[in-house]
Amino acid sequence: MLEFKQLKKLAKAAGDNPIGIRVAILGDTATQFLATAIKGEAVFRGLGINMFEAEYNQVERQILDPTSDYYQFGADFTIVFQSTHKLLEKYSLENDAQQWETLADERLSFIRTLCESVKGKIIYYNYPEIEDTVFGSFANRLTGSFTYQVRKLNFELMNLSREYPNLFICDIAGLQNKFGRDWMFDSSVYVSTEMVLSLDALPYVASRTLDIISAIQGKFKKCLILDLDNTLWGGVVGDDGWENIQIGHGLGIGKAFTEFQGWIKKLRLQQE
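Here is what the cut-offs are and how they apply
Residues numbered from 1 in each chain as written. Predicted model: local features only at pLDDT ≥ 70, side-chain atom pairs only at ≥ 80, totals over all residues. Heavy atoms only, no water. Helix = DSSP H or I, 4+ residues; strand = E, 2+ residues; numbered from the N terminus. Buried < 20%, exposed > 50% of the residue type's maximum accessible area, 1.4 Å probe, protein only. Areas by Shrake-Rupley, 256 points an atom, 1.4 Å probe, with all protein chains shown as cover. Lys, Arg positive; Asp, Glu negative; His and termini not counted. Charge placed at Lys NZ, Arg CZ, Asp CG, Glu CD. Contact = heavy atoms within 4.5 Å. Phe/Tyr/Trp six-rings, centres within 6.5 Å; stacked < 30°, edge-to-face > 60°. Lys NZ or Arg CZ within 6 Å of the ring centre and 35° of its normal. Polar contact = N/O pair within 3.5 Å; in protein donor to acceptor, adjacent residues only side chain to side chain. Right-handed = clockwise from strand over helix to strand, strands pointing away. Pairing = 2+ DSSP bridges. Axes fitted to C-alpha atoms, helices over the stretch in contact; angles between N-to-C directions. Parallel < 35°, antiparallel > 145°, perpendicular 65-115°, else oblique. Nonpolar A, V, L, I, M, F, W, Y, C, P; charged D, E, K, R; others polar. Left-handed = near helix turned anticlockwise from the far one by under 90°.

Moving on, we come to the overall build of the chain. A count of helical and extended segments in the chain gives 13 helices and five strands. Counting across all 272 residues of the chain, residues that qualify as buried make up 43%. With the model as given, the accessible surface of the chain reaches about 15300 Å², and the carbon-plus-sulfur share is 52%. Charge-centre separation for the chain: the mean point of 28 positive side chains lies 5 Å from the mean point of 35 negative side chains.

Below you can see the structure in the form of structure tokens.
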């Protein structure tokens, strides 16, 4: 994985490719560094990109206005980043607690409009959770809690992607689950720049974004070549004998090899 400064250097050297894939990025927070990371990752993968970056916090305006600069650009791929932070701001400003229960549905309604208005492919970032601690664990059974609404939104986003063939969900919530909230979000940067994603997170988000674009463009790898000894199992069969190799569901290093085999099996079944 390249660091952000490396991606920035690649993006700067390459510039925009006027005949490349037309990619638009719309966000409700600052997206300049994210756009740079995506450009750099595209260069690293050998993809030429011509990018349109909308002005700050103009997602709805660009989508709902058929004369907007976005539609004039004619994007092949539209990346939409509506952050959990802005969603929480909207939630906190509501004066009627009953309106909390419609937060996810209102956002989903807009995403439906997005899918029906945009001609090209849409890459929509899902919502990493923010624990606002207002309701504690009770938030899991309270439909008006922010936790409930974010989890509902992420679940229904997956259903929407099945309903609309042009909608692809980029799972940045999964990145936060893997690396942690403090890695994903830098509060000191956010308060001064309105940039939600940390510099450490940007290369990973850009990589997942380009994974989707590359797959749609038919640029993906489908061959996995593996050694056997000390790769699929622990030990060397020729030296240790098959009865002494390390593998199985019990405790110890053999468990790791068994789980690795299970992961490989899922890759095969995915292609069938």
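Before going further, it helps to examine the environment of A11. Its location among the elements puts A11 in helix 1 (residues 4-14). Take A11: its relative accessible area is 9%, and that puts it in the buried class. Expressed as a C-alpha distance, the spacing of A11 and I38, which sit 27 residues apart in the sequence, is 8.3 Å. Excluding its chain neighbours within four sequence positions, the residues that come into contact with A11 are T36, K39 and G40.

Take the packing of aromatic side chains next. Using the criterion set out here, one finds 13 aromatic pairs in the structure. Ring geometry for F260 and W263: centres 6.2 Å apart, planes at 15°, overall stacked. With a gap of three residues between them, F260 and W263 both fall in helix 13 (residues 253-270), about one helical turn apart. A connected cluster of aromatic rings, assembled from ring pairs, spans Y91, W100, F135 and F146. One residue, R22, lies across the ring of F73, its end atom 4.3 Å from the ring centre.

Right, let's get into the side chain of Q149. Take Q149: it is sitting in helix 7 (residues 146-163). According to the relative accessible area criterion, Q149 is buried, its value standing at 2%. Separated by 2.6 Å, the side chain of Q149 and the backbone oxygen of T143 make a polar contact. Aside from chain neighbours lying at most four places away, what touches Q149 is W100, E101, T102, L103, A104 and T143.

Okay, the pairing of strand 2 (residues 49-53) next. Extensive coverage of strand 2 is indicated by the burial of four of its five residues. You can see the chain leave strand 1 (residues 21-27), run along helix 2 (residues 32-44) and come back into strand 2, and the turn it takes is right-handed.

Spatially, five strands are ordered 2-1-3-4-5 in an open sheet, and the strand pairing comes out parallel. A single partner strand is all that each edge strand has here, and the edge strands are strand 2 and strand 5 (167-170). Averaged over all adjacent pairs, the angle separating strand axes in this sheet is 20°, with direction ignored. Of the pairings in the sheet, the one linking strand 1 to strand 3 (residues 77-81) comprises five bridges and is parallel in character.

Take the packing of helix 1 against helix 2 next. Two numbers describe how helix 1 lies on helix 2: the axes approach to 7 Å, and their chain directions differ by 75°. When the interaxial angle is binned, helix 1 and helix 2 end up roughly perpendicular. Between helix 1 and helix 2, the contacting residues are F4, L7, K8, L10, A11 and A14 on the first element and F33, T36, A37, K39, G40, E41, V43 and F44 on the second. By residue class, the composition of the contact of helix 1 with helix 2 is nine nonpolar, two polar and three charged.

To continue, consider the packing of helix 5 (residues 84-93) against helix 7. Put simply, helix 5 and helix 7 touch, their axes get as near as 11 Å, and they point 135° apart. What the angle tells us is that helix 5 and helix 7 run oblique. Judged by the twist between their axes, the crossing of helix 5 over helix 7 is right-handed. Counted together, T84, L87, L88 and Y91 of helix 5 and F146, V150 and L153 of helix 7 form the full contact between these two elements. Its residues placed into classes, the contact of helix 5 with helix 7 shows six nonpolar, one polar and no charged.

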